[in-house]
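# A structural walkthrough
Listed below, chain by chain, are the residues.
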Amino acid sequence: MRSLASLALALFVALAPRPALAAPDEAVLAAAKAQDGPYRETLKGLVDVDTGTGDVAGLSKVEAVLKARLEAAGLAVSTRAAPAFGGNTLVGTRSGTGTRKIMLLVHYDTVFGTGDAAKRPYTERDGRAYGPGVADAKGGVAMILHVLAALEALRFDGYGALTVMFNPDEERGSRGSRDAIAEIARDQDVVLSFEPSFAEAGIDAVTVATKGINYASLTVKGRASHAGGAPEAGRNAVVELAHQILQLQDLGDSAKGTSLHWTVIHGGTKPNIIPEDARAEGDMRYFVPDEYDRVLTQARRIIGAHRVPDTQVTFDLAKGRPPLPRNPATKALGERARAIYAELGTPLALAEIGGGTDAGYAFQPDSPAKPAILESLGIVGGHYHSADEFAVLASITPRLYLATRLVMEVSR
Ligand SMILES: [Zn+2]
């Protein structure tokens, strides 16, 4: 999950009346509890190997472990190269006795560097587990493997097809795996994504909307001249850029959850030269897909008003990770998850997050109800992307219960 640290977390409907308390499914709860210890073993094994995006040696080691685990769980496994950063995407599938197609998705790369696992190996302390990527998202990888084990223990195969996808480059925008995610998701009825949930929020949550990310760029072409001898002959690109940034400040729409922040600027070469070139980069976040066109159109109209004459100004918006927009199918899955958690007497919030995840690639804009997608089914944790990242050990059993029950429910 990119830039989770800057996550703008909006919890909504957390205050909605809790669904009627049904009793927990004792067999599933027992199966989840039985996986608690083995889960922690698996997590330790994953965390103690460096899998920073592009660390092909480490990614290959973990890939081999994951392949063997999926095959041991009865899945037929294929791999797809993930060009751009290296490493392979693993896709495992097994057929069942039902009709519904369900996909479990999470990345196995981290933001951490080679050597970090040796410096900070997996440890448990005061109810928390620590180590590089322990929650984001190796806790989710282990969660999927142990949901498979719990389903096996329950002898449940009521789905039509169960597909597991582990990709190696999410922390760098999934550039090598995004097409495979979209392609395989298109064929599914349900996609469950296992990014972590948010201990900092003080309430457990699953994610029902994620923001898309676009990269804005602004360039100004002026004319260079001597700042002392002939400044009037120049056309100051830096001044024009500053003007443009100020008039492009209000392109966001908070009601829709759209923001555009200018974050990086460049301009000028030498102090005594009127600058000929200047440029800026910006970060756009949005929930509503149409906002891309609105922002692009409005920005291109606004930049027509110049402060410095005879300058050329361009505005571009490069598409990054798409959003998981607010949609009824995801909301309904979120409500089912909340009802399942209520069986354990635990409230569950439905979160909208400012970061982007691979759920955005699984979402099909031309078919918003299929697959139905739910995010943050991984472990509860916090301080993602930092050296004190942690996972909450007490969340293992309830999270295993939730995901196992969900797979069984959506199979019907
Ligand atoms: Zn992640």
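The structure contained in this document is the topic of the report that follows. Here, residues in each chain are numbered from 1, in the same order as that chain's written sequence. Local features in this predicted model are restricted to residues of pLDDT 70 or higher, and side-chain atom pairs are both shown and tallied only at a pLDDT of 80 or more, whereas totals for entire chains, interfaces and linings draw on every residue. Excluding hydrogens and water, the side-chain values take into account all heavy atoms of the structure.

## Focus on the pairing of strand S10 (residues 205–210)
Two faces make up the sheet, and in a regular strand the side chains alternate between them. What counts here: Three exposure classes are used, based on accessible area relative to the maximum for each residue type with a 1.4 Å probe and protein chains only: buried under 20%, partly exposed in between, and exposed over 50%. Secondary structure elements follow DSSP: runs of H or I no shorter than four residues count as helices, runs of E no shorter than two count as strands, and numbering proceeds from the N terminus. Two strands are said to pair when DSSP picks up at least two bridges between them.
Where burial is concerned, most of S10 is hidden: six out of the six residues are buried. Both S10 and strand S17 (residues 349–353) contribute to a ladder of five bridges, which runs parallel. Opposite Ala-209, over in S17, you have Glu-352 as the bridge partner.

## Some thoughts on the nonpolar core
Definition in use: In this text, buried Ala, Val, Leu, Ile, Met, Phe, Trp, Tyr and Cys residues form a nonpolar core when linked through side-chain atoms within 4.5 Å. Contacts between residues were defined by any pair of non-hydrogen atoms, one from each residue, lying within 4.5 Å.
Core analysis: the biggest nonpolar cluster contains 66 residues, and Leu-66, Leu-104, Phe-166, Leu-192, Phe-194, Leu-374 and Leu-406 have the highest contact counts within it. Looking at this core, the element that brings in the most residues is helix H11 (residues 396–411), giving nine residues. Other than its neighbours up to four places away in sequence, Leu-66 contacts Leu-46, Leu-90, Tyr-108, Val-141, Leu-145 and Phe-166. Counting residues in each nonpolar core, the second largest holds 22 residues, with Ala-216, Val-220, Leu-251 and Met-284 among its members.

## Some details on the pattern of salt bridges
Between side chains of opposite charge, a pair can form as their charged atoms come close. Rules: Just to be clear on terms, a salt bridge is a Lys or Arg side-chain nitrogen sitting within 4 Å of an Asp or Glu carboxyl oxygen.
Following the criterion strictly, the structure yields 26 salt bridges and no others. Glu-291 serves as the salt-bridge partner of Lys-256, at 3.5 Å between the closest nitrogen and oxygen. Separated by 35 residues along the polypeptide, Lys-256 in the loop between helix H7 (237–247) and strand S13 (259–267) and Glu-291 in helix H8 (residues 291–302) bring together distant segments of the chain. Its relative accessible area of 2% is what places Glu-291 among the buried residues. One network of salt bridges, with partners in common, ties together Arg-336, Glu-343, Arg-405 and Glu-409.

## Let's talk about the packing of helix H5 (residues 138–153) against H11
We apply this condition: Angles run from 0 to 180 degrees between N-to-C directions of axes, and those axes are lines fitted to C-alpha atoms, restricted for helices to the stretch in contact. Crossings are classed by handedness, with left-handed meaning an anticlockwise turn of the near helix from the far one by less than a right angle and right-handed meaning a clockwise turn. Amino acids outside the nonpolar list (Ala, Val, Leu, Ile, Met, Phe, Trp, Tyr, Cys, Pro) and the charged list (Asp, Glu, Lys, Arg) are all regarded as polar, and Gly is one of them.
The geometry of H5 relative to H11 is characterised by a closest axis approach of 9 Å and an angle of 65 degrees between their N-to-C directions. As for how H5 packs across H11, the hand of that crossing is right-handed. For the pair H5 and H11, the contacting residues are Met-143, His-146, Val-147, Ala-150 and Leu-151 in the first and Ile-396, Arg-399, Leu-400, Ala-403, Thr-404, Val-407 and Met-408 in the second. Of the residues in the contact of H5 with H11, the class split is nine nonpolar, two polar and one charged.

## Here we look at the side chain of Glu-375
Our working rule: For this count, His and the chain ends are skipped, Lys and Arg are scored as positive, and Asp and Glu as negative. Pairs of N or O atoms are called polar contacts if they sit within 3.5 Å, as long as, within protein, a hydrogen donor faces a hydrogen acceptor (for residues adjacent in sequence, only side-chain-to-side-chain pairs).
Secondary-structure assignment places Glu-375 in the loop between strand S18 (372–374) and strand S19 (380–382). Put simply, Glu-375 is tucked away with no salt bridge, and the nearest opposite charge, on Arg-321, sits 7.8 Å away. From its side chain, Glu-375 meets the backbone nitrogen of Glu-195 in a polar contact 3.2 Å long. Dropping the residues within four chain positions of it, Glu-375 is found in contact with Ser-193, Phe-194, Glu-195, Val-206, Thr-207, Thr-210, Thr-357 and Ala-359.

## Examining the packing of helix H9 (residues 328–342) against H11
As a reminder, the rule being used: Here the word oblique covers every angle except those under 35 degrees (roughly parallel), over 145 (roughly antiparallel) and from 65 to 115 (roughly perpendicular).
One way to put it is that H9 packs onto H11 with a least axis distance of 10 Å and a crossing angle of 125 degrees. Considering the angle they form, H9 stands oblique to H11. Seen along the crossing, H9 lies across H11 with a hand that is right-handed. Taking contact as the criterion, the partners of Leu-333, Arg-336, Ala-337, Ile-340 and Tyr-341 in H9 are, on H11, Pro-398, Arg-399, Tyr-401, Leu-402, Arg-405, Leu-406, Glu-409 and Val-410. Each residue belonging to the contact of H9 with H11 can be placed in one class, and the counts come to nine nonpolar, no polar and four charged.

## Comments concerning the side chain of Thr-397
Tracing the backbone through its elements, the reader meets Thr-397 in helix H11. At 3.2 Å, the side chain of Thr-397 and the side chain of Asp-36 are in polar contact. Setting aside anything within four residues of it in sequence, one finds Thr-397 in contact with Leu-29, Ala-32, Lys-33 and Asp-36.

## A word on unusual backbone geometry
Each neighbour pair has its own omega, and for Asp-136 with Ala-137 the value is 10 degrees, a cis peptide bond. Here Ala-137 is to be found in the loop between strand S6 (128–130) and H5. A cis geometry characterises the amide bond from Lys-370 onward to Pro-371, with omega recorded as 0 degrees. The phi angle at Arg-155 is positive, at roughly 50 degrees, despite the residue not being glycine. Mapped onto the secondary structure, Arg-155 falls in the loop between H5 and strand S7 (161–167). Overall, Arg-155 belongs to the exposed group, its relative accessible area being 75%.

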